[in-house]
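Residue-level listing of the chains:
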Amino acid sequence: MEIGQLNANHAAFLLQGAMWTVVLSAIACLGGGVLGMGVALCRVASSRFLRGASGAYVQLVQGTPPLVAMFLLYFGLPGIGFDVPALIAAGLALVVNVSAFLGEIWRGCIEAVPRPQWEAAECLALSRIQRLVKVILPQAVRIAVPPTVGFSVQVIKNTSLASVVGFVELARSGQIINNSLFQPFVVYAVIALVYFALCYPLSRWSRVLERRAGSWRRRPAGLATLAAP
Amino acid sequence: MTDKDPVVELRDVHKSFGALKVLDGVSLTVARGEVAVIIGRSGSGKSTALRCIDRLEVIDDGEIVVCGHRLTDAKLNLRALRQDVGIVFQSYNLFPHLTVAQNITLAPVSVKRVSRAEALETAQAVLRQVGLQDKADAYPEQLSGGQQQRAAIARSLAMKPKVMLFDEVTSALDPELTAEVLRVMEDLAASGMTMVVVTHEMSFARRIADQLVFMHGGRVRETGPGDILLDPQTPELRQFMSHELHAATR
Ligand SMILES: Nc1ncnc2c1ncn2[C@@H]1O[C@H](COP(=O)(O)OP(=O)(O)OP(=O)(O)O)[C@@H](O)[C@H]1O
Ligand SMILES: [Mg+2]
């Protein structure tokens, strides 16, 4: 099957690019998630220093385009003697970026748990850590799932930035194919479709989760709900 | 602490929020097994007084001693205090992600290091005490307001506190549901629990009070046995009672 002059080789190349987009997204979400959890916990810590330092980190990262961070890591670090592969440079820049945004989203979710819940736990003599881990976080996680899934869609789209440091993910593989075919409309339409195919299930799931957020009796909605009408 | 020492003692307690003086020299002594009931107009400082007893508010001046813990001590062990004091609020504050049984066993298991089996046994006992033995596996959202409030009382009781504080625990409830919660509190009082109760239920207050405390403008204006309600000595209490009477018959 051919679309325009796109043939099976092009398709295989695109598919490989799509795979790298998925890998990069996974690195960004997992790494950024772990780091972002740390950021969120620091943002609500009792220590003034931790709150201040994590707040400054968030401001700094949110105030810098991830694109510039990639340039800095990919072109800047070799200048001072560290060679960084494109995947690492792009992955690291995205991890840092995602950690700041997820950290803020999750801080908001932790703070969205009503104050009396903290107080009730305190009155039962739970330590601060126990209050956080056993009472507040389980409720915050529940609140956090829909916006987190929604944000991961953002992350997938942001991985296309990695193309500027020469990493061949989906967008870059489209560019390369177009350089030989000169059919930008067809090529980029296909690229857009593949991005959509990656993102749509997630945004759909995020909306299902939002609707489900009311009750504590049901477990949070799983991927299976996608199949339901 | 000996048997004769008061369980709760407030001496000339002062507390302000910014420029607003909320407690203006409150003194109160509650002996072991005694039920003190605090009444008074909205804003008279009842909740604040109760919250000070559990050190949820820090006082500006005066002294509070609760179960031998001197609350103004620099090295007060807060968690030890909270194990001795149970408190129940108007807004139940059950943990929505846990079942009733899990709500009740959480603190005994994680704070007192009681075994899970023993904690469950205690949970069953306190649930029986509040008439909720068949609701152990329900989530809070599956319970009525009255049931949630009784579960919250059970959760506090499971920590085997030496004194229980109640802050208008029936104010959010319909009359029928109110009755079932008040009955639980009366049983608890009869069982010898030391209690400090803030309430707007006047007949309940009179019935249950060993000591009735009328607060007005951040001070204890009148105090005595429950029957002081029948024969108020101060114009403030008289006015308060006639107002409550009107509210009740309206
Ligand atoms: N954390 C706070 N910060 C500022 N002001 C407060 C705070 N808590 C209470 N107040 C104020 O202190 C006063 C006394 O409040 P308190 O809750 O003790 O009254 P109350 O007697 O319990 O009244 P109610 O019957 O309405 O519950 C009120 O004017 C209230 O607005
Ligand atoms: Mg109050």
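Residues numbered from 1 in each chain as written. Chains lettered and ligands numbered in written order. Predicted model: local features only at pLDDT ≥ 70, side-chain atom pairs only at ≥ 80, totals over all residues. Heavy atoms only, no water.

**Points about the overall build of chain A**
Then step 1. Regarding its fold elements, chain A presents eight helices and zero strands.
Then step 2. Going from the N terminus to the C terminus, chain A shows its helices and strands as α-α-α-α-α-α-α-α.
Then step 3. Overall size of chain A, expressed as C-alpha extent along the three principal axes, is 70 × 55 × 20 Å.
Then step 4. Counting every position in chain A, which comprises 229 residues, the buried fraction comes to 42%.
Then step 5. Across chain A, contacts joining residues at least 24 apart in sequence account for 72% of those joining residues at least 6 apart.
Then step 6. Mean positive and mean negative side-chain charge positions of chain A (18 and 8 charges, respectively) differ by 11 Å. (Helix = DSSP H or I, 4+ residues; strand = E, 2+ residues; numbered from the N terminus. Buried < 20%, exposed > 50% of the residue type's maximum accessible area, 1.4 Å probe, protein only. Contact = heavy atoms within 4.5 Å. Lys, Arg positive; Asp, Glu negative; His and termini not counted. Charge placed at Lys NZ, Arg CZ, Asp CG, Glu CD.)

**Comments concerning the packing of aromatic side chains**
All names here are of chain A.
Then step 1. Scanning all chains against the criterion turns up six aromatic pairs over all chains.
Then step 2. Here the aromatic rings of W20 and F167 are separated by 5.7 Å at their centres, their planes lie at 80°, and the arrangement is edge-to-face. In this pair, W20 sits in helix α1 (residues 8-43) while F167 sits in the loop between α6 (128-158) and α7 (170-181), placing the two residues 147 residues apart along the sequence.
Then step 3. We classify F167 as buried; its relative accessible area is 9%.
Then step 4. Summarising the aromatic geometry, the rings of Y74 and F75 are spaced 4.9 Å apart at their centres and angled 75° between planes, so their arrangement reads as edge-to-face.
Then step 5. Among the residues examined, Y74 registers a relative accessible area of 25% and is labelled partly exposed.
Then step 6. By relative accessible area, F75 is classed as partly exposed at 48%. (Phe/Tyr/Trp six-rings, centres within 6.5 Å; stacked < 30°, edge-to-face > 60°.)

**Section: the interface of chain B and chain A**
Reports often express the size of an interface as the amount of accessible area lost when the parts come together.
Then step 1. On the chain A side, the residues contacting the 24 residues of chain B number 21 residues.
Then step 2. When chain B packs against chain A, the two sides together hide about 2,100 Å² of surface, and 61% of this comes from carbon and sulfur.
Then step 3. Seen at the junction of chain B and chain A, the total is two salt bridges.
Then step 4. Note that R82 of chain B and E122 of chain A form a salt bridge whose closest N and O atoms lie 3.1 Å from each other.
Then step 5. Secondary-structure elements contributing two or more residues to the side of chain B that touches chain A are α2 (78-84), β6 (85-88) and α3 (100-110) of chain B. (Buried area = accessible area lost by both parts, 1.4 Å probe. Salt bridge = Lys/Arg side-chain N within 4 Å of Asp/Glu carboxyl O.)

**A word on α1 of chain A**
Residue and element names in this part refer to chain A.
Then step 1. In this model, α1 (36 residues) spans 50 Å end to end at C-alpha, consistent with the 52 Å of a helix rising 1.5 Å per residue.
Then step 2. Maximal helix bending in α1 amounts to about 25°, located at G33.
Then step 3. Capping the start of α1 is the job of one residue whose side-chain oxygen sits 2.9 Å from the backbone nitrogen of N9: N7. (Expected span 1.5 Å × (residues − 1). Bend = angle between axes of the 7 residues up to and from the residue. Polar contact = N/O pair within 3.5 Å; in protein donor to acceptor, adjacent residues only side chain to side chain.)

**Points about the packing of α1 of chain A against α7 of chain A**
Residue and element names in this part refer to chain A.
Then step 1. Running from N to C, α1 and α7 point in directions that differ by 155°, and their axes come no closer than 7 Å. By the criterion of interaxial angle, the relationship of α1 to α7 is roughly antiparallel. Across the interface between the two elements, H10, F13, L14, G17, A18 and T21 of α1 pack against L170, S173, G174, I176, I177, S180 and L181 of α7.
Then step 2. Its residues placed into classes, the contact of α1 with α7 shows seven nonpolar, six polar and no charged. (Axes fitted to C-alpha atoms, helices over the stretch in contact; angles between N-to-C directions. Parallel < 35°, antiparallel > 145°, perpendicular 65-115°, else oblique. Nonpolar A, V, L, I, M, F, W, Y, C, P; charged D, E, K, R; others polar.)

**Some remarks on the sheet that holds strand β3 (residues 35-40) of chain B**
All names here are of chain B.
Then step 1. Strand order in the open sheet formed by six strands is β6-β7-β8-β3-β9-β10, with mixed pairing between adjacent strands. Lying at the two open borders of the sheet, with one neighbouring strand each, are β6 and β10 (219-224). Put simply, the sheet's adjacent strands are angled 20° from each other on average, direction ignored.
Then step 2. Looking at chain direction, β3 and strand β8 (residues 194-198) are connected through four bridges and run parallel. Pairing of V35 across the sheet is with M195, part of β8.
Then step 3. Relative to the sheet, helix α1 (residues 46-53) contacts β3, β7 (163-167), β8 and β9 (211-216), its axis offset from that of β7 by approximately 150°. (Pairing = 2+ DSSP bridges.)

**Here we look at the site of ligand 1**
Residues and elements named next belong to chain B.
Then step 1. Around ligand 1, 13 residues are found, and the nearest of them are S42, G43, K46, S47 and T48.
Then step 2. Contact between ligand 1 and S42: an oxygen atom at 2.6 Å from a side-chain N or O atom of the residue.
Then step 3. Here an oxygen atom of ligand 1 and a backbone polar atom of G43 are 2.8 Å apart.
Then step 4. Protein contacts shield 58% of the accessible area of ligand 1, which totals 640 Å² for the unbound molecule.
Then step 5. Among the secondary structure elements, those contributing two or more residues to the shell around ligand 1 are β2 (20-30) and α1.
Then step 6. Grouping the constituent residues of the shell around ligand 1 by class yields three nonpolar, seven polar and three charged. (Near = heavy atom within 4 Å. Areas by Shrake-Rupley, 256 points an atom, 1.4 Å probe, with all protein chains shown as cover.)

**Observations concerning the confidence of the model for chain A**
Then step 1. The pLDDT averaged across chain A works out to 90; a share of 91% of its residues lies at or above 70.
Then step 2. For the stretch residues 220-229 of chain A, pLDDT sits under 50, and the model shows 14 contacts to residues farther than four places along the chain or on other chains. (pLDDT = per-residue confidence, 0-100.)

**A short note on the side chain of E180 of chain B**
Residue and element names in this part refer to chain B.
Then step 1. Tracing the backbone through its elements, the reader meets E180 in helix α6 (residues 175-190).
Then step 2. Residue classification places E180 among the buried positions, given a relative accessible area of 19%.
Then step 3. The residues touching E180, leaving out its near neighbours within four places in the chain, are S144, G146, Q147 and R150.

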